[in-house]
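Report on the structure
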Amino acid sequence: MSDVQFAALHRALHHATEYLAGLDGRPVHATADLDSLRVRLGGNVPEFGTDPAQVIDDLVTATAGGHLGCAGGRFYAWVIGGGLESAVAADWLTSTWDQNAALYACGPAAAVVEEVAGAWLKDLLGLPTETSFAFTTGCQLAHFTCLAAARHAVLGRGGWDVNADGLFGAPAVRVLVSDQRHASVDRAVRFLGFGDRSVVPVTTDAAGRIVPTAFARALDDNTGPMIVVLDAADLNIGAFDSFGELIPAARATGAWVHIDGAFGLMARASRTKRTLTAGVELADSWATDGHKWLNVPFDCGLAFVRDRAAHRASMTVSASYIAAEKLARDQIDWNPEWSRRGRGFAVYAALRELGRHGLEELIDRSCVHARKLVDEIGRMVGVEILWEPCLNQGLLRFLDPRPGATDPDHDVRTDQVIEAVNRSGEAFFSGTTWRGRRAMRVSVVNWRTTENDVQRAVAAVAAVLR
Ligand SMILES: *Cc1c(COP(=O)(O)O)cnc(C)c1O
């Protein structure tokens, strides 16, 4: 055994700072392939134990090159987000303290820090004061949590007690969604027992927003209990539905309105971007992520529900061995998990590190970087801008220069350029099919992205096109 006390923890600190300090100099893509990772990490079950510090050193060696550089500023794929320094450090302490954040009684500070961070987030996002919340693993489980409350409420209005009677024999619930929705919405609907056939996609316009006349028709066509899911920034272009118009129309029919705001809800924290979200506060529930634009390490999702009674009723549970606190907030009353990580510490740290102004600055800065990436790459010969960012998401398409090249040729060219840029190690992008055409997504959510990172990405694309 090592003679230094807590040697494994010291090794972890050493490796972590080395890793972060090296981000700018390493390729963004993973350099270790599947086979080598399996060989390095695999083997038989160890028969005998290993010194903890050695385990950590070995883990770092065996996984070297097997990490994407998404902690750094040159990663623009999907919508991933980094980790603010205090949030990462708070996350280490969360593991150290190892509280079971199910109940106040199991971890008093973990419960109170969530209570405070939840209230701060409601303030920053401009959500109604009566709103309840839950810290989940991600937006996927935030959808599940919010839509469980919705299910309870819309069936309850018709006199159906879903907790007692389940869904067998219940009135059919319809879920109106955007045709641009994220697939996590469909999965939440499936988890809740509604089934894929209860999902009614509504047409969007060229700017990715639900068409109000199509929405009105869908509302008319579906009597019975209804849930509506609108986008506060869709994943491809960051489109916001017309909340001010759609939400009152939906609520007038008795529908519950839920918002997918995985990253886009954070636009509420910026005075200049908040106008994009006008009316979103009229909804019944909102799902967003801590691990995307707030730059809290994985995993952290955030669910907010206006009807706290429906939220609590759909999640709470009682058992003789639960030490329920009458005054404190027990997370188990609001979350689908039982034993769980104290997710509040990292969120609390991130919000303190940023403050209201820092969060606004992060949002605005990301949008500026996204716009610059799209404009500068879009200006190159053979590049078409499919979507100029109005928030932090843009789309670019690379055209096959051969005479007579067709759309499928441009699709192939686009994927080839993305792959070549990623192979350069200078930047990392992902692709998508948007309105039938392949495109490179430009997504900026990481606090570490600088103007220099943007220029490196631009230069990498220019080099590939030459
Ligand atoms: C990322 C994302 C989700 C899913 O969020 P997770 O945190 O990965 O569960 C849902 N909707 C949108 C728009 C997203 O970008």
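Relevant structure appears above.
Bear in mind the structure is a predicted one, so any value in this text is a computation, not a measurement.

Calculation notes
Residues numbered from 1 in each chain as written. Predicted model: local features only at pLDDT ≥ 70, side-chain atom pairs only at ≥ 80, totals over all residues. Heavy atoms only, no water. Near = heavy atom within 4 Å. Polar contact = N/O pair within 3.5 Å; in protein donor to acceptor, adjacent residues only side chain to side chain. Areas by Shrake-Rupley, 256 points an atom, 1.4 Å probe, with all protein chains shown as cover. 1 Å grid on protein atoms, 1.4 Å probe; cavity = no way out; pocket = protein on both sides within 12 Å on 5 of 7 lines; lining within 4 Å. Sits in = over half its atoms within 2 Å of the grid points. Nonpolar A, V, L, I, M, F, W, Y, C, P; charged D, E, K, R; others polar. Helix = DSSP H or I, 4+ residues; strand = E, 2+ residues; numbered from the N terminus. Contact = heavy atoms within 4.5 Å. Pairing = 2+ DSSP bridges. Axes fitted to C-alpha atoms, helices over the stretch in contact; angles between N-to-C directions. Points joined across faces, edges and corners; volume = space filled by probe spheres on them. Buried < 20%, exposed > 50% of the residue type's maximum accessible area, 1.4 Å probe, protein only.

As for the site of the ligand
The ligand sits among G138, C139, Q140, H182, S184, A233, D260, A262, F263, D289, H291 and K292. One of the backbone nitrogen or oxygen atoms of Q140 is found 2.8 Å away from an oxygen atom of the ligand. Here D260 contributes a side-chain N or O atom positioned 2.8 Å from a nitrogen atom of the ligand. Taking 380 Å² as the accessible area of the ligand by itself, protein coverage stands at 84%. At a threshold of 2 Å from the grid points, most atoms of the ligand map onto the second largest pocket. Among the residues forming the shell around the ligand, the class breakdown is four nonpolar, five polar and three charged.

Here's the deal with the environment of W78
Within the secondary structure, W78 sits in the loop between α3 (52–63) and α4 (85–97). As for W78 and F429, which are separated by 351 residues in sequence, their C-alpha atoms are 7.6 Å apart. Dropping the residues within four chain positions of it, W78 is found in contact with L68, Q393, F428, S430, R441 and S443.

A word on the sheet that holds strand β7 (residues 301–305)
Pairing is mixed in the open sheet, where seven strands are placed in the order β1-β7-β6-β5-β4-β2-β3. If you trace the sheet from one side to the other, it starts and ends with β1 (132–136) and β3 (199–202), each paired once. On average, each strand axis in the sheet is inclined to that of its neighbour by 20°, with strand direction left out of account. Relative to strand β6 (residues 285–289), strand β5 (residues 256–260) is paired through three bridges, and the arrangement is parallel. Paired with I259 across the bridge in β6 is W286.

Details of the layout of surface pockets
Of the pockets and cavities examined, the largest pocket occupies roughly 1500 Å³. Lining the largest pocket are 49 residues, and of these H15, A16, Y19, L20 and W92 sit closest to its centre. Secondary-structure elements contributing two or more residues to the lining of the largest pocket are α1 (7–21), α3 and α4. It is α1 that provides the largest number of residues to the lining of the largest pocket, a total of 10 residues. One number sums up the size of the second largest pocket: a volume of about 290 Å³. What lines the second largest pocket is a set of 22 residues, and nearest its centre among them are H182, S184, L235, A262 and K292. Per-element tally for the lining of the second largest pocket: the top contributor is helix α6 (residues 139–157), with three residues. When the residues that make up the lining of the second largest pocket are grouped by side-chain class, the tally is eight nonpolar, seven polar and seven charged.

Digging into the pairing of strand β11 (residues 437–443)
Of all seven residues that make up β11, five are buried, and the element is covered over most of its length. As defined by bridge partners, strand β9 (residues 393–398) adjoins β11 across four bridges and the pair is classed as antiparallel. Note on β11: the bridge partner recorded for L396 is M440. Note that strand β10 (residues 430–434) and β11 share five bridges and pair antiparallel. Along β11, the bridge assignment pairs G431 with M440. Here β10 hands over to β11 after two residues, with R435 in that stretch at a positive phi of 50°.

What about the side chain of D333?
Structurally, D333 can be placed in the loop between α11 (308–315) and α12 (344–378). Taking relative accessible area as the criterion, D333 reaches 10% and is therefore assigned buried. A polar contact of 2.9 Å, which involves the side chain of D333, links it to the side chain of R312. Discounting chain neighbours no more than four positions away, the residues touching D333 are H311, R312, M315 and T316.

What about unusual backbone geometry?
For the peptide bond that leads from F298 to D299, omega is -5°, which places it in the cis range. Position of D299 relative to the elements: it lies in the loop between β6 and β7. A positive phi is found at W78, a non-glycine position, where the angle reads about 40°. Judged by its relative accessible area of 42%, W78 falls in the partly exposed class. You will see that R435, though not glycine, has its phi angle at about 50°, which is positive. Inspection of the secondary structure puts R435 in the loop between β10 and β11.

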